[in-house]
Amino acid sequence: PTQPPADTDARALEVLSRVWGYGAFRDVQADIVRTVVDGDNALVLMPTGGGKSLCYQVPSLLRPGTGIVVSPLIALMKDQVDALRQFGVRAAFLNSSLPAEGVREVEAALLAGELDLLYVAPERLLLGRTLDLLERAPVALFAIDEAHCVSQWGHDFRPEYGQLGVLPGRFPDIPRVALTATADDRTRADILRVLDLGGAAQFISSFDRPNIQYRVANKEGPKTQLLDFIHAEHRGDAGIVYCLSRKSVDQTAQWLVTQGIDAVPYHAGLSPRERNHAQERFLNDEGVVVVATVAFGMGIDKPNVRFVAHLDLPKSMEGYYQETGRAGRDGLPSTAWMVYGLADVVNVKRMLSQSDAPDDVKRVEAAKLDALLTYCEAATCRRQLLLAYFGEQRDEPCGNCDICLNPPRVRDATREAQMALSAAIRTGNRFGAAHLTDVLLGQPTEKVVGMGHHLLPTFGVGKGHDEGAWRGLIRQLVSLGHLEAGEHHGLSATGKSRALLRGETTLMLREDSLLPRERVRKRDR
Ligand code: ADP
Ligand code: ZN
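Anyway, here's the lowdown on the structure attached to this text. A quick note: this is a predicted structure, and the numbers were derived from the prediction, not measured.

## Here's the deal with the overall build of the chain
Here comes step 1: Check the secondary structure of the chain and you find 24 helices and 17 strands.
Here comes step 2: Per-residue burial for the chain yields a buried fraction of 54% across its 525 residues.
Here comes step 3: Roughly 23,200 Å² of accessible area belongs to the chain as shown, and the carbon and sulfur atoms make up 50% of that amount.

Put into structure tokens, the structure is as follows:
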């Protein structure tokens, strides 16, 4: 506060170029740095790769005392600290991986004012011992990285983060800067509340990643679809392929290798050595494809990832945005590609309903999943939807997503939806998509006849469309909440479907999910 702003800017630039060798701050970085150096609080919402770290690192060097960085990413702390030390920054970390001797050394350095930056895991910070220590030490600021972890509404809730509310109480005069790459309105409100940032300056960058092309396709044969995609558009490129289970990670990676793709698996079931190896290869070699569970990617900073592929649904829009955001950090054209099908929707919905989580958490997660499914089924610009989810209004369609590039035709599918819903209801709301499709198509299978479903008025009413079309329609009905999956994948009509059944609302669907028979056959050939 003793320095006029212009002088703060000059000193910040001097540190930026002397320590990091960068010639200029990016857009908002300079404003954030100025705010924090001057001792004010800040909330920073910036997409992954936007350059959040410098927003607290530079102020930590400019203010007297040590910048305390709270981060949940224990596994990455050592790397981050090593990287800073290479720039000559006096950095250290405190977490459970450090032996007692190491802890004592770090604490002594902190008290002696010999540290510029100290990375601390939240559970470590919250120990009475650490808080007492910080009261005696010169502290420049608190940076709360991955601040969305304070929120249950976030995709990454950490109970310890919820307790960071002690900071404003115990250290009211030390500036707090909360940073995150993912925060919708509710998460943002939680961050402001928990960290008491009501009066803080808010720096909200656009979440748009114009160089990423968003695409979502119907899952038909995921491995082959993936291979075709890589061959057609990303031969020899580095990429990340996300799968839900460790098993499918292993199988997909193995299969890609047999197809001549330089692929490596990555998941929590591998030994630390194998995981390190995969990570090193991905970072250092050209054109490596990592097949991974969501465990992979947090904190990975590789600029030239050309594609991110999802073979399974992410959990939420936040997850999707964060995972796809690992593509194209260098600003060059990149692809976010995803396939999903009815079975995925049913599976994740069932996993959700059967989880042990408390009911309010389940409700939140179900709502998040629904937002993602709506995105998947979109007939309008995906980027508009994605940005709208993060509270950003965009007036024009983007021109760089599958919907913009290849607009699907929409048609009124109310009648077909009524047929499918009545097939579910008349068979007792307990059969899966395959059986309902048989009934609609008038297939006298053993099961259909055995159940007497060939006698229903619905039997055979759907002959005008083929199996794929009905599967697609049923998927959309599940995604949009008109049908819901219960035990054994049985589908039942929901309350939401009533208006549709009575003809009070109409259902406009993408035509690809309900093509007339002839066109589907042609396309398959
Ligand atoms: P985030 O934490 O927002 O994902 P980082 O802080 O890791 O992003 O920064 C992403 C990359 O951008 C890093 O390689 C960083 O060195 C680089 N970077 C950030 N700010 C600048 C800048 N002002 N000039 C040049 N490079 C920058
Ligand atoms: Zn678009």
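Alright, that's what it looks like, and here's the rest.
## Let's talk about the environment of Y375
Here comes step 1: Inspection of the secondary structure assignment puts Y375 in helix 16 (residues 359-376).
Here comes step 2: C-alpha separation for the pair Y375 and V216, spaced 159 residues apart in sequence, amounts to 9.1 Å.
Here comes step 3: Setting aside chain neighbours within four positions, we find Y375 in contact with Y214, V216, M317, Y320, R382, L385 and L386.

## Digging into helix 17 (residues 382-389)
Here comes step 1: Counting buried residues along helix 17, six of its eight residues qualify, which places the element largely inside the surrounding structure.
Here comes step 2: Where helix 17 is concerned, the buried positions are R382, R383, Q384, L386, L387 and Y389.
Here comes step 3: Elements in contact with the buried residues of helix 17: strand 8 (212-218), helix 14 (317-324), helix 16, helix 18 (402-405) and strand 17 (508-510).
Here comes step 4: Downstream of helix 17 by one or two residues, G391 has phi in the positive range, about 80°.

## Observations regarding the side chain of T458
Here comes step 1: Within the secondary structure, T458 sits in the loop between helix 21 (446-450) and helix 22 (467-479).
Here comes step 2: Classification of T458 by relative accessible area gives buried; the value is 3%.
Here comes step 3: Discounting chain neighbours no more than four positions away, the residues touching T458 are M419, S422, A423, R426, V439 and L440.

## Digging into the pairing of strand 3 (residues 91-94)
Here comes step 1: In strand 3, alternate side chains face the same way, and those of A91 and F93 on one face and A92 and L94 on the other are all buried.
Here comes step 2: Alignment of strand 3 against strand 4 (residues 117-120), held across four bridges, turns out to be parallel. Bridge pairing in strand 4 links A91 to L117.
Here comes step 3: Running through helix 5 (residues 100-111), the crossover from strand 3 to the neighbouring parallel element strand 4 is right-handed.

## Let's talk about the coordination of the zinc ion (ligand 2)
Here comes step 1: Coordination sphere of the zinc ion (ligand 2), protein contribution only: C381 (SG), C398 (SG), C401 (SG) and C404 (SG), at 2.3 to 2.4 Å.
Here comes step 2: Around the zinc ion (ligand 2) sit four donor atoms; with metal-centred angles ranging over 101 to 117°, the donor geometry is tetrahedral.
Here comes step 3: Counting along the primary sequence, the residues that act as donors to the zinc ion (ligand 2) give the motif C-x16-C-x2-C-x2-C. Separated by 20 residues along the polypeptide, C381 in the loop between helix 16 and helix 17 and C401 in the loop between helix 17 and helix 18 bring together distant segments of the chain. Note on accessibility: C381 and C401 belong to one class, buried.

## With respect to the pattern of salt bridges
Here comes step 1: One pass over the full model with this rule turns up 24 salt bridges.
Here comes step 2: Here K219 makes a salt bridge to D312, at a shortest N to O gap of 3.3 Å. Pair noted here: K219 is in the loop between strand 8 and helix 11 (222-233) and D312 is in the loop between strand 12 (307-310) and helix 14, with a separation of 93 residues, a long-range link.
Here comes step 3: Given a relative accessible area of 15%, D312 falls into the buried group.
Here comes step 4: Residues K349 and D370 are paired through a salt bridge, measuring 3.3 Å at the closest nitrogen-oxygen approach. With a gap of 21 residues between them, K349 in helix 15 (residues 342-354) and D370 in helix 16 connect regions that are remote in the sequence.
Here comes step 5: Residue classification places D370 among the partly exposed residues on the basis of a relative accessible area of 32%.
Here comes step 6: Through salt bridges that share partners, D9, D31 and R34 make up one connected network.

## Observations regarding the site of ligand 1
Here comes step 1: Not every one of the 14 residues close to ligand 1 is listed here, only the nearest: Y22, A24, G49, K52 and S53.
Here comes step 2: Between an oxygen atom of ligand 1 and a side-chain N or O atom of K52, the distance comes to 2.7 Å.
Here comes step 3: At a separation of 2.6 Å, an oxygen atom of ligand 1 approaches a polar side-chain atom of S53.
Here comes step 4: Calculation on ligand 1 without its partners gives an accessible area of 560 Å², and the protein chains cover 74% of this total.
Here comes step 5: Along the lines of polarity and charge, the residues of the shell around ligand 1 split into five nonpolar, six polar and three charged.

## Looking at unusual backbone geometry
Here comes step 1: A positive phi angle is found at E146, which is not glycine, with a value near 55°.
Here comes step 2: Within the secondary structure, E146 is located in the loop between strand 5 (139-144) and helix 8 (159-162).
Here comes step 3: Classification of E146 as buried rests on a relative accessible area of 16%.
Here comes step 4: Residues other than glycine seldom take positive phi values, yet D196 does so here, at roughly 50°.
Here comes step 5: On the secondary structure map, D196 appears in the loop between helix 10 (185-194) and strand 7 (201-204).

## Concerning the sheet that holds strand 4
Here comes step 1: On the basis of which strands lie adjacent, the open sheet formed by seven strands has the order 3-4-2-5-6-1-7 and parallel pairing. Of all strands in the sheet, those bounded by a partner on one side alone are strand 3 and strand 7. Sheet twist, expressed as the mean angle between neighbouring strand axes with direction ignored, is 20°.
Here comes step 2: Where helix 5 meets the sheet, its contacts fall on strand 2 (66-70), strand 3 and strand 4, and the angle it forms with strand 3 comes to roughly 130°.

## Remarks on the sheet that holds strand 11 (residues 289-292)
Here comes step 1: Within the open sheet, the six strands sit side by side as 8-13-12-9-11-10. Their pairing is parallel. Single-partner strands in this sheet number two, and they are strand 8 and strand 10 (263-266). If you compare each strand with its neighbour and ignore which way they point, the axes differ by 15° on average.
Here comes step 2: Judged from the four bridges that link them, strand 12 and strand 13 (residues 334-340) form a sheet pairing that is parallel. By the bridge assignment for strand 13, A309 is matched with W337.

## Quick notes on the packing of aromatic side chains
Here comes step 1: Using the criterion set out here, one finds nine aromatic pairs in the structure.
Here comes step 2: Between F207 and Y321, the ring centres sit 5.4 Å apart and the planes meet at 40°, which makes this aromatic pair tilted. Linking F207 in the loop between strand 7 and strand 8 with Y321 in helix 14, this pair joins segments that are 114 residues apart in sequence.
Here comes step 3: Residue classification places F207 among the buried residues on the basis of a relative accessible area of 3%.
Here comes step 4: Between Y320 and Y375, the aromatic rings sit 5.0 Å apart at their centres with planes inclined by 55°, giving tilted as the arrangement. Taken together, the residues span a long stretch of sequence, with Y320 in helix 14 and Y375 in helix 16 at a distance of 55 residues.
Here comes step 5: Given the relative accessible area of 0%, Y320 is considered buried.
Here comes step 6: Put simply, the rings of Y214, Y320 and Y375 touch in pairs and so form one group of aromatic residues.
Here comes step 7: Lying over the aromatic face of F282, K302 brings its terminal NZ or CZ to 5.4 Å of the ring centre.

The rules behind the values
- Residues numbered from 1 in each chain as written.
- Chains lettered and ligands numbered in written order.
- Predicted model: local features only at pLDDT ≥ 70, side-chain atom pairs only at ≥ 80, totals over all residues.
- Heavy atoms only, no water.
- Helix = DSSP H or I, 4+ residues; strand = E, 2+ residues; numbered from the N terminus.
- Buried < 20%, exposed > 50% of the residue type's maximum accessible area, 1.4 Å probe, protein only.
- Areas by Shrake-Rupley, 256 points an atom, 1.4 Å probe, with all protein chains shown as cover.
- Contact = heavy atoms within 4.5 Å.
- Pairing = 2+ DSSP bridges.
- Right-handed = clockwise from strand over helix to strand, strands pointing away.
- Donors = N, O, S within 2.8 Å, 3.2 Å for Na, K, Ca; no water.
- Tetrahedral: all angles 85-135°; square planar, octahedral: opposite > 155°, others 65-115°.
- Salt bridge = Lys/Arg side-chain N within 4 Å of Asp/Glu carboxyl O.
- Near = heavy atom within 4 Å.
- Polar contact = N/O pair within 3.5 Å; in protein donor to acceptor, adjacent residues only side chain to side chain.
- Nonpolar A, V, L, I, M, F, W, Y, C, P; charged D, E, K, R; others polar.
- Axes fitted to C-alpha atoms, helices over the stretch in contact; angles between N-to-C directions.
- Phe/Tyr/Trp six-rings, centres within 6.5 Å; stacked < 30°, edge-to-face > 60°.
- Lys NZ or Arg CZ within 6 Å of the ring centre and 35° of its normal.

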